[in-house]
Amino acid sequence: MKKSQWFVFGIGLLTFSVLMFAMDSGVCTSLSDFSMISCTIKRYAYAVPAFVSQFLGWMFIICGILENKK
């Protein structure tokens, strides 16, 4: 792949990660058990893909830095 493609994929994944962390940042204050369970599931459903995409985004940027200029 070209150097610019690595950077586009990396920056795109980092942006997606920031969006997922922003959607996760709600405060769960509830008295009901069911809403607390659903809030916990939502938190992990957004946090795990955010961590994975952040890791892959940084890996793609590193690959872009290491790519030879053709």
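Quick note: structure is the one above.
None of these values were measured; they are calculated from a predicted model. Residue positions within a chain follow its written sequence, with the count starting from 1. Local features in this predicted model are restricted to residues of pLDDT 70 or higher, and side-chain atom pairs are both shown and tallied only at a pLDDT of 80 or more, whereas totals for entire chains, interfaces and linings draw on every residue. Computation of side-chain values covers all heavy atoms of the structure but excludes hydrogens and water.

Student: Quick one: what's the story with the side chain of Ser 53, residue by residue and with numbers?
Tutor: Numbered from the N terminus, helices here are DSSP runs of H or I no shorter than four residues, and strands are runs of E no shorter than two. Looking at the element boundaries, Ser 53 is found in helix H2 (residues 33-66). For each residue, the accessible area found with a 1.4 Å probe, counting protein chains only, is set against the maximum for its type, and the residue is called buried under 20%, exposed over 50%, and partly exposed in between. Note on Ser 53: relative accessible area 4%, which makes it buried. Any two residues whose heavy atoms approach within 4.5 Å are treated as being in contact. Sequence-distant contacts of Ser 53, defined by excluding residues within four places in its chain, comprise Leu 13, Phe 16 and Ser 17.

Student: Which residues make up a nonpolar patch on the surface, and what values go with them?
Tutor: Patches here are clusters of residues that have more than 30% relative accessible area and form no salt bridge, with a 9 Å joining cutoff for like charges and a 5 Å cutoff for nonpolar side chains (Val, Leu, Ile, Met, Phe, Trp, Tyr). A 1.4 Å probe and the Shrake-Rupley method give the accessible areas. Residues count as covered only by the protein chains that appear here. Salt bridges, as used here, are contacts in which a Lys or Arg side-chain nitrogen is within 4 Å of a carboxyl oxygen on Asp or Glu. A grouping of Tyr 44, Val 48, Val 52, Phe 55, Leu 56, Met 59, Ile 62, Ile 65 and Leu 66 is seen on the molecular surface, where their side chains present a nonpolar patch of about 900 Å² in accessible area. With respect to the element layout, Val 52 can be found in helix H2. Residue class for Val 52 comes out partly exposed when judged on its relative accessible area of 46%.

Student: Give me the lowdown on the side chain of Ser 17, citing residues and values where you can.
Tutor: With respect to the secondary-structure elements, Ser 17 resides in helix H1 (residues 3-24). A polar side-chain atom of Ser 17 sits 3.0 Å from the main-chain carbonyl oxygen of Ala 50. Setting aside anything within four residues of it in sequence, one finds Ser 17 in contact with Ala 50, Ser 53 and Gln 54. Here a polar contact is recorded for every N or O atom pair within 3.5 Å, except that within protein the pair must consist of a potential hydrogen donor and a potential acceptor, and residues adjacent in sequence are included only if both atoms are side-chain atoms.

Student: Outline H2, listing residues and values.
Tutor: In this analysis, the expected span of each helix is defined as 1.5 Å times one less than the number of residues it contains. Given a rise of 1.5 Å per residue, 34 residues ought to cover 50 Å, and the 50 Å separating the end C-alpha atoms of H2 matches this to within 8%. Along H2, the residues classified as buried are Cys 39, Ala 47, Ala 50, Ser 53, Gly 57, Ile 61 and Gly 64.

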